[in-house]
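# Architecture and fold: a report
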Amino acid sequence: MKQTTTSMMLAVAMAVAPVATAVTPAVAAASEQAAPPSKEALDQIYTDAQLHVERYNGNGDVEQLRAARQLLDQWLRGHAQLYGYGEQAVQARAPVQQQVAAIDEKVGEPAATPVATPAPTAAPAPAPSPVNAEIAARQRRGDQMFTGGLVLGAVGLATVLFVGLPALGLRNTALDNAQVQEFRADEERYLRRARRRHTTMIVTMAIGGAFTLGGITLVSAGAATKNAADRELALSPAVGPTFAGGSLRLRF
Amino acid sequence: MSTLRKLIVLASLAAASCGGAYDRLELFVIGGDRRTEVSTERIRIGEGGVVVIEARAESDADHGEYNGLEELELRMSDSRVARVRKGVLKDSWVINGAEPGDTVMQIRVDGQLEQVVPVRVERQP
């Protein structure tokens, strides 16, 4: 496939494609006045670029490659707007930049200037990407729920084990003592004691049980929230800072 | 704090409702006048007479046993005819015939009326 494609490339008349816009922070800043694209929009752009490449593979039309290149430029700008210029984001864009360079080589154009990493003193610190900040917030919330659930469950269990159950034992002891009394006054004294301990047992079992159930619920909810956020972070690599385009390789 | 009190009241009610259901009263005469008739069907006592009984509430085994915390109370509807008081000994009650007439003795467990027993105080010759 590669040899065929290369020979096809040689036979095609090369037109000068517009110079790829280097996605520097300055350029991105200029276009940042528009709202950054959504993750889904970036996905669509990349998919469209792949479609153009596939059409080129089918009919050899260089214009398809140029269209793909423009879309990839657009993707690179959008990705920089959305994810910034951190190390991970730059690494994520690198494969797509390589694809752009491969297209340039095939259409005989000068290789695009790679996306510049801003000098530490030149550019202001990039703002945290909106997608990652939201996911991080959900992860924190999940952590808080998980920890809170553990604490609540532990308090509930401790209440049941160290207050409720002993109260039950003491109630039974008072009842046993009441049974063996001969005089009503003595019996009633032990019965009053048993009734107090019975009430304590009921109240602490109820509170402890509720806390334990609440703790289990919070732990489950927190774990689910965290897992969902982790999964989303793993899925966003389609256009995320760590695996840009990892699942949509351009084949030439 | 009021929330905590409500919680405690609810818990007490829940505790009370966890007990057994009333089935009958076990009655034993342990002292007093011989010319008396005491049972859960009726009580017959002479004017000025006294009888000491031992009374225990028994639960219905099909609906759960009493846990020992239940409170048995015997009350006469008309204390001018007859009176009933707690005795000195455990589970004991003292019934007095005050003046000739009819009344009923209420049997209450944990404040709930479970049974009534007709009481007749007869004039002594």
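All figures in this text were calculated on a predicted structure; none of them were measured in a lab.

### Quick look at the interface of chain A and chain B
Taken together, the 19 residues of chain A in the interface contact 18 residues of chain B. Overall, the association of chain A and chain B removes approximately 1500 Å² of surface from exposure, summing both partners, and the carbon and sulfur fraction of that is 59%. Where chain A touches chain B, the interface holds one salt bridge. Notably, a salt bridge pairs Lys86 of chain B with Glu188 of chain A, separated by 3.3 Å at the nearest N-O pair. At the surface where chain A touches chain B, the tally comes to eight residue pairs in polar contact (both at pLDDT 80 or more). Breaking the side of chain A that touches chain B down by element, the ones donating at least two residues are α6 (130-179) and α7 (184-235) of chain A. When residues in the side of chain A that touches chain B are grouped by element, the largest group, eleven residues, is from α7 of chain A. Per-class residue counts for the side of chain A that touches chain B are nine nonpolar, four polar and six charged.

### A closer look at helix α4 (residues 62-83) of chain A
All names here are of chain A. With 22 residues, α4 ought to run about 32 Å at 1.5 Å a step, and its terminal C-alpha atoms sit 31 Å apart, in line with that. Counting buried residues in α4 gives 17 out of 22 residues, a clear majority hidden from the surface. Regarding α4, its N-cap is Asp61, as a side-chain oxygen of that residue lies 3.0 Å from the backbone nitrogen of Glu63 further along. In the stretch just after α4, Gly84 is the one whose phi turns positive, near 80°.

### Structural notes on unusual backbone geometry
Residues and elements named next belong to chain B. One non-glycine residue, Asp91, lies in positive phi territory at about 65°. Note on placement: Asp91 falls in the loop between β6 (82-86) and β7 (92-97). For Asp91, a relative accessible area of 17% gives the class buried. Not every positive phi belongs to a glycine, and Asp110 is a case in point at roughly 55°. Mapped onto the secondary structure, Asp110 falls in the loop between β8 (101-109) and β9 (112-122). What makes Asp110 partly exposed here is its relative accessible area of 45%.

### Topic: the pattern of salt bridges
Tallied over the entire structure, the rule returns 18 salt bridges over all chains. The closest approach of N and O atoms between Glu63 of chain A and Arg66 of chain A, which form a salt bridge, is 2.6 Å. Here Glu63 of chain A and its partner Arg66 of chain A are both found in helix α4, three residues apart, which amounts to about one turn of the helix. Taking the relative accessible area as the measure of exposure, Arg66 of chain A reaches 11% and is therefore buried. Between Glu37 of chain B and Arg44 of chain B there is a salt bridge; the shortest N-O distance is 3.2 Å.

### Considerations on the confidence of the model for chain B
Averaged over all residues, the pLDDT of chain B is 87; the fraction at 70 or higher stands at 85%. Among the prediction metrics, the complex's ipTM stands at 0.77, with pTM recorded as 0.54.

### Some thoughts on a nonpolar patch on the surface
A cluster of nonpolar side chains, namely Leu157, Leu161, Phe162, Val163 and Leu165 of chain A, defines an oily patch on the protein surface of about 470 Å² accessible area. Counting through the fold element by element, Val163 of chain A comes out in helix α6.

### Describing the nonpolar core
Of all hydrophobic cores here, the largest spans 25 residues; its most connected members are Leu25, Ile53, Leu72, Leu74 and Ile95 of chain B. Listing elements by their share of this core, those giving two or more residues are β1 (22-32), β3 (43-46), β4 (50-59), β5 (72-76), β6, β7, β8 and β9 of chain B. Element by element, the count of residues in this core is highest for β4 of chain B, at four residues. Aside from chain neighbours lying at most four places away, what touches Leu72 of chain B is Leu25, Ala55, Arg56, Ala57, Trp93, Ile107, Arg108 and Val109 of chain B. Listed in part, the 20 residues of the second largest apolar core include Ala49, Tyr56, Ala68 and Leu82 of chain A.

### Section: the sheet that holds strand β2 (residues 37-38) of chain B
Strands pair in a sheet through their backbones, by hydrogen bonds, and they do so in one of two ways: parallel or antiparallel. Residue and element names in this part refer to chain B. Across the sheet, which stays open at both edges, the five strands sit in the order β2-β3-β9-β8-β5 with mixed pairing between neighbours. Each end of this open sheet is capped by a strand with a single partner; those strands are β2 and β5. For β8 and β9, the ladder comprises nine bridges, and the chain directions are antiparallel. Looking at the pairing, Val109 lines up with Gln112 of β9.

The rules behind the values
Residues numbered from 1 in each chain as written. Chains lettered and ligands numbered in written order. Predicted model: local features only at pLDDT ≥ 70, side-chain atom pairs only at ≥ 80, totals over all residues. Heavy atoms only, no water. Contact = heavy atoms within 4.5 Å. Buried area = accessible area lost by both parts, 1.4 Å probe. Salt bridge = Lys/Arg side-chain N within 4 Å of Asp/Glu carboxyl O. Polar contact = N/O pair within 3.5 Å; in protein donor to acceptor, adjacent residues only side chain to side chain. Helix = DSSP H or I, 4+ residues; strand = E, 2+ residues; numbered from the N terminus. Nonpolar A, V, L, I, M, F, W, Y, C, P; charged D, E, K, R; others polar. Expected span 1.5 Å × (residues − 1). Buried < 20%, exposed > 50% of the residue type's maximum accessible area, 1.4 Å probe, protein only. pLDDT = per-residue confidence, 0-100. Patch = residues over 30% accessible without salt bridge, like charges linked within 9 Å, V, L, I, M, F, W, Y side chains within 5 Å. Areas by Shrake-Rupley, 256 points an atom, 1.4 Å probe, with all protein chains shown as cover. Core = buried A, V, L, I, M, F, W, Y, C linked by side-chain atoms within 4.5 Å. Pairing = 2+ DSSP bridges.

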